[in-house]
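Summary of structural features
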Amino acid sequence: MFRIEPAKITHIPELENIGKLSNIITYDYNYYMYILTKFPDINFVIKNKQNKIIGFILSQIKTKPDSSPIGHIISFCILEEYRNQKLGTKLINHLKKNIIKQYKINQLYLEMMVGNRALSFYNRNGFTESEKLPNYYDDSDGILLIWNNFS
Ligand SMILES: CC(C)(COP(=O)(O)OP(=O)(O)OC[C@H]1O[C@@H](n2cnc3c(N)ncnc32)[C@H](O)[C@@H]1OP(=O)(O)O)[C@@H](O)C(=O)NCCC(=O)NCCS
């Protein structure tokens, strides 16, 4: 009934729209273009029966000079009327599976605003708090969450 598909450039206006409706940070068109073009196998949309996009997860691979590559979740949401049906869990599991398969990477991280209700979601999905990010957002602190495949 719900289908996960690779996110495409033609989906960008819809991703921006769903991001705004979900009150998450949105990016400019060129940044979405860059992510979807450079990492086509780790960016996904989820569609309903009517073929309408109802959520997405966007990610990239980051490599710092002195560390091994790691996956970074940039943007993630499910439209409000579709939440709490485990669709977010389905999307994040799909991303984990593909990042391991395509890149042999066993770690993912993301930044989140302190106080975001999604913390319990991430904890349930194996993410743990790694560090605080003071003043990471305009008017709020952030936290860094990490998932390790083998922990
Ligand atoms: C976080 C999110 C993607 C999870 O998707 P989902 O399909 O509802 O997830 P599941 O059904 O698998 O899990 C439900 C859990 O999601 C979280 N959740 C539910 N509604 C939420 C909301 N409005 N905001 C944040 N997290 C929420 C809760 O942890 C919930 O479990 P709980 O009821 O025990 O607290 C979705 O809630 C969402 O889009 N939230 C708003 C945007 C957001 O916070 N994105 C993450 C930014 S870091």
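The structure we're discussing is the one just above.
Everything in this summary refers to the structure shown in the same document. (Residues numbered from 1 in each chain as written. Predicted model: local features only at pLDDT ≥ 70, side-chain atom pairs only at ≥ 80, totals over all residues.)

Okay, the overall build of the chain next. Counting its secondary structure elements, the chain contains four helices and seven strands. Along the chain direction, N to C, the helices and strands of the chain fall in the order β-α-α-β-β-β-α-β-α-β-β. Relative to the compact-globule value of 15 Å for 151 residues, the chain shows a C-alpha radius of gyration of 15 Å, a close match. In terms of its C-alpha atoms, the chain occupies a principal-axis envelope of roughly 45 × 35 × 30 Å. (Helix = DSSP H or I, 4+ residues; strand = E, 2+ residues; numbered from the N terminus. Rg over C-alpha atoms; globule rule 2.2 N^0.38 Å.)

The next subject is the site of the ligand. Taken together, 19 residues lie around the ligand, and Cys-77, Arg-83, Gly-88, Thr-89 and Phe-121 are the ones closest in. Looking at the shell around the ligand, the elements that each hand over two or more residues are strand 4 (70-78), helix 3 (87-103), strand 5 (107-113) and helix 4 (119-124). The residue makeup of the shell around the ligand, split by class, is nine nonpolar, seven polar and three charged. (Near = placed C-beta within 6 Å. Nonpolar A, V, L, I, M, F, W, Y, C, P; charged D, E, K, R; others polar.)

A general trend in soluble globular proteins is that nonpolar side chains are found buried together. Core analysis: the biggest nonpolar cluster contains 29 residues, and Ala-7, Phe-44, Ile-46, Phe-56, Ile-57, Leu-91 and Leu-95 have the highest contact counts within it. Secondary structure elements with two or more residues in this core: helix 1 (12-21), helix 2 (29-38), strand 2 (44-47), strand 3 (53-62), strand 4, helix 3, strand 5 and strand 7 (140-148). Setting aside anything within four residues of it in sequence, one finds Ala-7 in contact with Leu-15, Leu-36, Asn-43, Phe-44, Val-45, Phe-56 and Leu-58. (Core = buried A, V, L, I, M, F, W, Y, C linked by C-beta atoms within 7 Å. Buried ≥ 20, exposed ≤ 12 C-beta atoms within 10 Å, placed from the backbone. Contact = placed C-beta atoms within 7 Å.)

It is worth spelling out the pairing of strand 3 at this point. Note that strand 2 and strand 3 share four bridges and pair antiparallel. When the bridges of strand 3 are listed, Phe-44 appears paired with Ile-57. Where strand 2 folds back onto strand 3 in an antiparallel hairpin, the turn is made up of five residues, including Asn-51, whose phi is positive at roughly 70°. Relative to strand 4, strand 3 is paired through eight bridges, and the arrangement is antiparallel. The residue bridging Lys-62 from the neighbouring strand is Ile-70, located in strand 4. (Pairing = 2+ DSSP bridges.)

Attention shifts here to the sheet that holds strand 3. Taken in spatial order, the seven strands of this open sheet run 1-2-3-4-5-7-6, and their pairing is mixed. Only two strands of the sheet have a single neighbouring strand rather than two, namely strand 1 (3-6) and strand 6 (127-137). Pairs of neighbouring strands in the sheet enclose a mean axial angle of 25°, with direction left out of account. Docked against the sheet, helix 1 engages strand 3 and strand 4, running at close to 100° with respect to strand 3. (Axes fitted to C-alpha atoms, helices over the stretch in contact; angles between N-to-C directions.)

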